[in-house]
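# Summary of the model geometry
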Amino acid sequence: MSEITYEPEADPEDVGVTEHLPATVTQKSLNTDILRMLEPPGKIWWSVFLFDLCILAVAGIALRNQIVLGLGVAGYTRPVMWAAYITNFVFWVGIAHCGTLVSAILFLFRSHFRRAVYRVAEAMTVFGVMTAGLFPIVHLGRPWFPYWLFPYPNQRQLWPNFRSPLVWDVFAVTTYLTVSSIFFIVGLIPDAAVQRDAAKNRFHRLLGTLFSFGWRGANYQWKHYYGAYIYFAALATPLVLSVHSVVSWDFAMSQVPGWHSTIFAPYFVAGAIFSGVALVINLLIGIRKAYKLQHIVTVDHIEKLSKLVLLTSTIVGYSYLVEFFCAWYGPSKFERDLVWWRFFGHYWWASWIMFTCNVIIPLLLWSKKVRRNMTVLFVIMLFVNVGMWFERFVIIVTSLARSFNPATWVYYKMSWTEGAITAGAFAWFFMYFLLFIRLLPAFSIAEIKETLAPPMRKKPS
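Below is a short write-up of the structure. No experiment lies behind these values; they were computed from the predicted model shown. (Residues numbered from 1 in each chain as written. Predicted model: local features only at pLDDT ≥ 70, side-chain atom pairs only at ≥ 80, totals over all residues. Heavy atoms only, no water.)

### Observations regarding the overall build of the protein
In terms of regular secondary structure, the protein is built from 17 helices and 2 strands. The C-alpha atoms of the protein give 24 Å as radius of gyration, which agrees with the globular expectation for 461 residues (23 Å, within 12%). Overall size of the protein, expressed as C-alpha extent along the three principal axes, is 90 × 55 × 40 Å. In the protein, which comprises 461 residues, the share counted as buried stands at 53%. Within the protein, counting contacts between residues at least 6 apart in sequence, those at least 24 apart form 81% of the total. Each charge sign in the protein was given a centre, from 38 positive and 24 negative side chains, and these centres are 5 Å apart. (Helix = DSSP H or I, 4+ residues; strand = E, 2+ residues; numbered from the N terminus. Rg over C-alpha atoms; globule rule 2.2 N^0.38 Å. Buried < 20%, exposed > 50% of the residue type's maximum accessible area, 1.4 Å probe, protein only. Contact = heavy atoms within 4.5 Å. Lys, Arg positive; Asp, Glu negative; His and termini not counted. Charge placed at Lys NZ, Arg CZ, Asp CG, Glu CD.)

### With respect to helix H15 (residues 374-401)
Between its terminal C-alpha atoms H15 stretches 40 Å, which fits the 40 Å expected from 28 residues at 1.5 Å a residue. Where H15 begins, the side chain of Asn373 points an oxygen toward the backbone nitrogen of Thr375, at a separation of 3.2 Å. (Expected span 1.5 Å × (residues − 1). Polar contact = N/O pair within 3.5 Å; in protein donor to acceptor, adjacent residues only side chain to side chain.)

### Quick look at the nonpolar core
In this structure, Ile437 and Phe443 are the most contacted members of the largest nonpolar core, which totals 140 residues. Broken down by element, this core gets its largest block of residues, 16 residues, from helix H10 (residues 264-290). Those residues in contact with Ile437 that lie beyond four places of it in its chain are Met37, Leu38, Trp45, Ile287, Tyr291 and Ala442. (Core = buried A, V, L, I, M, F, W, Y, C linked by side-chain atoms within 4.5 Å.)

### Re the packing of helix H11 (residues 299-329) against helix H13 (residues 348-360)
Taken N-terminus to C-terminus, the directions of H11 and H13 make an angle of 135 degrees; their axes are 8 Å apart at the nearest point. With respect to H13, the element H11 is oriented oblique. Within the contact between the two elements, H11 uses Ser313, Gly317, Tyr320 and Phe324 and H13 uses Met354, Phe355, Asn358 and Val359. Partitioned by chemical class, the residues of the contact of H11 with H13 number 5 nonpolar, 3 polar and no charged. (Axes fitted to C-alpha atoms, helices over the stretch in contact; angles between N-to-C directions. Parallel < 35°, antiparallel > 145°, perpendicular 65-115°, else oblique. Nonpolar A, V, L, I, M, F, W, Y, C, P; charged D, E, K, R; others polar.)

### Quick notes on the pattern of salt bridges
Taken as a whole, this structure holds 10 salt bridges when the rule is applied. Between Arg392 and Glu391 there is a salt bridge, with the nearest N and O atoms lying 3.7 Å from each other. Through salt bridges that share partners, Glu303, Arg371 and Arg372 make up one connected network. (Salt bridge = Lys/Arg side-chain N within 4 Å of Asp/Glu carboxyl O.)

### Points about unusual backbone geometry
The phi angle of most residues is negative, glycine excepted, and most peptide bonds adopt the trans form. At the junction of Arg78 and Pro79, the peptide bond is cis and its omega measures out at 5 degrees in the coordinates. Examined against the element boundaries, Pro79 turns out to sit in the loop between helix H2 (43-69) and helix H3 (84-95). Positive phi is not limited to glycine here, since Phe213 has a value of about 55 degrees. Relative to the elements of secondary structure, Phe213 occurs in the loop between helix H8 (202-212) and helix H9 (219-252).

### So, the state of the cysteines
As enumerated under the stated definition, the model contains 0 disulfides in all. The thiol of Cys357 is unpaired, and the distance to the nearest cysteine sulfur, on Cys98, comes to 19 Å. (Disulfide = S-S within 2.5 Å.)

### Some details on the packing of helix H7 (residues 165-198) against H8
Put simply, H7 and H8 touch, their axes get as near as 7 Å, and they point 150 degrees apart. It follows that H7 is roughly antiparallel to H8 by the angle criterion. Handedness of the crossing formed by H7 with H8: left-handed. Contact residues: H7 offers Leu188, Ile189, Ala192, Ala193, Gln195 and Arg196, while H8 offers His204, Arg205, Leu207, Gly208, Thr209, Phe211 and Ser212. (Left-handed = near helix turned anticlockwise from the far one by under 90°.)

Below, the structure is given as structure tokens:
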């Protein structure tokens, strides 16, 4: 008589030291664990979701107040006419970069650890771009006229100024949203078919049917699927470098001190990946803890992502030092004065928060113990995104508040309307994300199965 023997089950926080999942994870248990997230939500999920909706409702009231009373209720003070709203726009476009990096670029480089984490990153990309796209509309003051930004034939023959980086933003962000959404939906197809076949209620079966597009798992379907996936991965890869570079040109194409710099494109791209990966780590730590998925999203997966955060933090810190060096030893006294004023003037607190959170605190990630401690890592990633929000704030507000003419120097203060709408942006993003993890598979079942350990051989008892 023979029986199957298995390795003893390891502690959830210690598994995952290789690219393969533990031998105790089987194809059947993997389906069960991931589809378990689609079961009716409990009290914790409803509490978080309702709290999120309350914040969103306050933001809606603030936006209604701004539409009725005008942009005067915001903290705009000439010449600081770009403030919290554009800060949020740049921040959320940056957040959206991580998904394409993890899913497309790491796919092309055959980094296998991405398989357990890329679906969350892709969803974050789509929802991040959807959040970022709101702020140019909010910033207009007349949100019913956003179509004025688009080039369309009209009876007055008026066209946007194609030499303006603001128009380039429209093309870059809409292209990025389109490609990222298609890439996200294509990756969902095999897993949606699993959801369709295993669904216990009609609604989830309907969602699985819609997103599976008639998938049956035939050999020719897999062939076309991988062909399409690698095509979209190759198409999306240059967007990671181009989209945030275009956003950086909103500033670099001007003559304002602190903006007119050729380093802005790579500096913005590195910062975008930095903040995006940090938020992915926060989301993954929360999901793996709430749904007990430590055997699927292992400590090793999180540690590799944290190494990417450390790398991009180093690039961002180097960019800061290059910016300081060029301003201090460069020919422009306006640039030199602005850099000094940023750290020792009215906005010293914002600049030091930026530098501390983005350069000093991530130095802890050099320690392997820190990279494998989920609680400490979660807190560090929160600090990273606080620092990246303040980085965009420092770039935008301080340069406008202290331009060439001293007669125009002002001190901008965020109004409660801007603060409420900023909080609402986070609530808007998390509303979509909370719905996503309840309605569709949050992890790639098909690709994670490729990392399962080989079947255990039977041996005589």
